[in-house]
Amino acid sequence: MFRRLPGDEARTLVTTTPDTAVVFQPAVLKTPAILTLLIYLWRFLVALVRTIWRHPVAVAIPLALGAVWYLYGWPLAASVLGFVVMALTAWAVIDRASFTSLVARRLLAWWRLVWVYRRHWHSVTFVSGLAKRINGRDYLPCLVRVRCDGWADLVTVRMLKGQAVKDWTDRLDNLAQGFGATSCRMALIRGGRLLLTFPRCDPLAAPIPALPIPGEPTVGPVEIGKQEDGKPLRLKVLGTHILIAGATGAGKGSFLWDTIRGLLPAMRAGLVEIWALDPKLMELSFGHELFTRYAAHPGDCADLLEDAVDVMQKRAARFAGQQRNHTPTTEDPFVLVLVDEVAFLTAYQPDKQLRQRISAALATLATQGRSVGVGVMAALQDPRKEVMNIRNLFPDKIALRLDESEQVDMVLGDGARDRGALADHISPVPELGAGVAYMRLETSPEPVRVRAAYVSDADIRAMVAEYGEAA
C-alpha cells in the first residue's frame, strides 16, 4: 500500500511523536485570468438569455423606454411612460377583473418570484434539508414557476433526482416559515413536479351568511359556501355518501342545514325526501317539520334506517337490468338520510341489539344505496375506528376542527395532513373557525379548504314557515 520514498524525504514525514499527523499538501493549479473572465462572461450571457426568455415583457419595457430616450430625448420617454401609466390606471378602473387577471397578478407573481422565492431559495432549501451538497457541488430543487391568484402563491418546483414526495411533505412547515407564509400545501402535478401553495391571506376568515334558497328545484351539487380560492362550494349529494367530522362547536350543523336549504325547492317538487335522525334532540329537531321522516329515540332511529334499507332493496329489484344510475322522479325521489352524531347510535348506544341493528343498516345503505338514489350524510365528533368502523364506506369526507393531528388522517385518509389538511389548526374561535373545514372528494383526492355558510335560527324558522309543508 505504501511505497518507499527516495533519499531523505522519509525523515520529513515520519516522526516519533505520537500525536503528530502526517499532512500531505494538495497541488495547487493556477487558473489563467483570461479563462476566469471567459467563465464569468459565459455565466453572465446564460443568465441574460434566461432572464429575457422568462420575463420578456419586464425586459422589453425598460429597453423600449431607453431606446426612446436615446433616440428622441427624455421628454418623449417621460410622456410615453406617463401615457402608459394613465392607460393602465384607466383599464384598472373600467374593468378591474381583466386588469387584475392579465396585469396585476402577473406583476405580483414576478415580484414574488424575484424578491421572495428566488432570493431565499438557496438558504431555505438547504436549511430544510431539501438541497444536497455532494463532492463540493450544490444540488438544489429547481424553482420552475410562480403564479399568483387572489389569495395564494402557486409555486411549481422540480424535485431532485432520487427525492420522494414524502421528503417534501415532511418539510412543509419549514417551507412555510422560510418564505413567510402561514402554511404550505402540496400537490403532485406529475412525476418529479410539485405544486406548492403558500397563502398570502385568508379569504375564509369572515363568517358567510346563509345563501339564498335556489329558485329552481335541483338535486345536483348544492351550493353551501365558499372555497378558499373564492369559487362557490358545491356539495354533491346524489350518488355519494358524506361523512362530516368535527369537534364540539366546529360547525357541523352548518353543512347539514346548508344542504337542507339547497334541497328545499326539490323537496317541494317531490324530487327529494330527507329522513332525519337526531339522537341529540338539539340540532335537527329545530326544523323537524321540513323532513319527510324524523326520529330521535334510538329504537325509532333503527326502524327508520331499516325502512330506508327496505326502500333501497325494492328499488334495486325494480332497477336490476334496466339502469345503473338513479335519476330522481316524483315516483322514485332521492332519499337523503341525515344522521346527526352517528357515534351515539353506533358506539355509545347501551342497548347492544339496537346498536347492531343500526350499524348493520348504515353499512348496508353505505355499500348499496347510492346507485338507487339513497344517500347518507352522517356527522360525528369522534372519528376513531372503534367509534365509526364504516367510515371508509363514505366516498366524500369533510373534516372540520379536530382535537388531534392523527384524527385528520382518520377522517380524510392517509397522508391528507401531510398534504396540508391542517384541520387540527383551525381556530376554536367561532367567528374565525366555525364552518371552516378540509374536504376530500372521491373525484379529487387532494384536500380543499372550504367554509360553509352559517344558517341562523332565524333562517331555519323562515325555512320552516315557507317550506314546512314540503314534507
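Just above sits the structure.
Cut-offs used in this document
- Within every chain, residues take consecutive numbers counted from 1 along the sequence as written.
- In view of the model being predicted, local features appear only for residues whose pLDDT reaches at least 70, and side-chain atom pairs are presented and counted only at 80 or more, with totals across whole chains, interfaces and linings using the full set of residues.
- By convention in this description, side-chain values take in all heavy atoms of the structure and omit both hydrogens and water.
- For two strands to pair, DSSP has to find at least two bridges joining them.
- Think of it this way: any DSSP run of H or I at least four residues long counts as a helix, any run of E at least two long counts as a strand, and we number them from the N terminus.
- Whenever a helix is involved, its axis is fitted only over the stretch in contact; in every case the axis is a line through C-alpha atoms, and angles between N-to-C directions fall within 0 to 180 degrees.
- In this analysis, two residues are considered to be in contact whenever any of their non-hydrogen atoms come within 4.5 Å of each other.
- Each patch is assembled from residues with relative accessible area greater than 30% and no salt bridge, linking like charges that lie within 9 Å and nonpolar side chains (Val, Leu, Ile, Met, Phe, Trp, Tyr) that lie within 5 Å.
- Methods summary: accessible areas were calculated by the Shrake-Rupley approach with a probe of 1.4 Å, and residue burial reflects only the protein chains presented.
- Salt bridge, as used here, is a side-chain nitrogen of Lys or Arg placed within 4 Å of a carboxyl oxygen of Asp or Glu.
- Accessibility here uses a 1.4 Å probe with only protein chains present; expressed as a share of the type maximum, an area under 20% marks a residue as buried, one over 50% as exposed, and anything in between as partly exposed.
- Any two of the Phe, Tyr and Trp rings considered here, Trp counted by its six-membered ring, make a pair once their centres fall within 6.5 Å; the pair's planes then place it as stacked at under 30 degrees, edge-to-face at over 60, or tilted in between.
- An angle below 35 degrees is treated as roughly parallel, one above 145 as roughly antiparallel, one from 65 to 115 as roughly perpendicular, and anything else as oblique.
- By convention the crossing between two helices is left-handed if the near helix lies anticlockwise of the far one by an angle smaller than a right angle, and right-handed if it lies clockwise.
- Only Asp, Glu, Lys and Arg are considered charged, only Ala, Val, Leu, Ile, Met, Phe, Trp, Tyr, Cys and Pro nonpolar, and every remaining residue, Gly among them, polar.
- Here, nonpolar core refers to any group of buried Ala, Val, Leu, Ile, Met, Phe, Trp, Tyr and Cys residues whose side-chain atoms link them within 4.5 Å.

1. Some details on the sheet that holds strand 14 (residues 396-399)
Line of reasoning, step 1. Here we have ten strands laid out as an open sheet, ordered 8-7-16-15-14-9-13-12-10-11, and mixed in their pairing. The open sheet has two free edges, formed respectively by strand 8 (232-235) and strand 11 (293-295), since each of these has just one partner strand. Mean inter-strand twist for the sheet, computed between neighbouring axes without regard to direction, equals 25°.
Line of reasoning, step 2. One ladder, built from six bridges, connects strand 10 (residues 272-277) with strand 12 (residues 334-339); its direction is parallel. Bridge pairing in strand 12 places L277 opposite V339.
Line of reasoning, step 3. On the sheet, helix 8 (residues 252-268) packs against strand 7 (222-227), strand 8, strand 9 (242-245), strand 10, strand 12, strand 13 (374-380), strand 14, strand 15 (436-440) and strand 16 (448-452) and is oriented at approximately 140° with respect to strand 7.

2. Remarks on a nonpolar patch on the surface
Line of reasoning, step 1. Together, I34, L35, L37, L38, I39, L41, F44, L45, L48 and I52 make up a nonpolar patch on the protein surface, roughly 930 Å² of accessible area in all.
Line of reasoning, step 2. Relative to the elements of secondary structure, L37 occurs in helix 2 (residues 33-54).
Line of reasoning, step 3. For L37, a relative accessible area of 58% gives the class exposed.

3. A closer look at unusual backbone geometry
Line of reasoning, step 1. For L281, which is not glycine, the phi dihedral falls at a positive 60°.
Line of reasoning, step 2. Looking at the element boundaries, L281 is found in the loop between strand 10 and strand 11.
Line of reasoning, step 3. Its identity is not glycine, yet E341 carries a phi of approximately 55°, on the positive side.
Line of reasoning, step 4. You can see E341 is positioned in the loop between strand 12 and helix 10 (342-346).

4. As for the packing of aromatic side chains
Line of reasoning, step 1. In the structure shown here, the tally under the stated rule is eight aromatic pairs.
Line of reasoning, step 2. Ring centres of W111 and W115 lie 5.5 Å apart, and the angle between their planes is 15°; on these two criteria the pair is classed as stacked. Of the two residues, W111 and W115 both sit in helix 5 (residues 96-127), four residues apart, roughly one turn of that helix.
Line of reasoning, step 3. Note on W111: relative accessible area 44%, which makes it partly exposed.

5. Regarding the packing of helix 8 against helix 14 (residues 457-467)
Line of reasoning, step 1. Interhelical geometry of helix 8 versus helix 14 gives an angle of 10° and a closest axis separation of 11 Å. With respect to helix 14, the axis of helix 8 lies roughly parallel. Note on packing geometry: the crossing formed by helix 8 with helix 14 is left-handed. Taking contact as the criterion, the partners of W257, I260, R261, L264, P265 and R268 in helix 8 are, on helix 14, D459, I460, M463, E466 and Y467.
Line of reasoning, step 2. Residue composition of the contact of helix 8 with helix 14, grouped by class: seven nonpolar, no polar and four charged.

6. Quick word on the nonpolar core
Line of reasoning, step 1. Counting 45 residues, the largest nonpolar core has L277, L305, V337, V339, L362, L365 and L412 as the members making the most contacts within it.
Line of reasoning, step 2. For this core, the element with the most residues is helix 9 (residues 298-319), which contributes eight residues.
Line of reasoning, step 3. With residues near it in sequence (within four places) discarded, V337 still touches W275, L277, L305, A308, V374, G375, V376 and M377.
Line of reasoning, step 4. The next biggest cluster of nonpolar side chains, apart from the first, holds 39 residues, and it includes F255, V272, A276 and F334.

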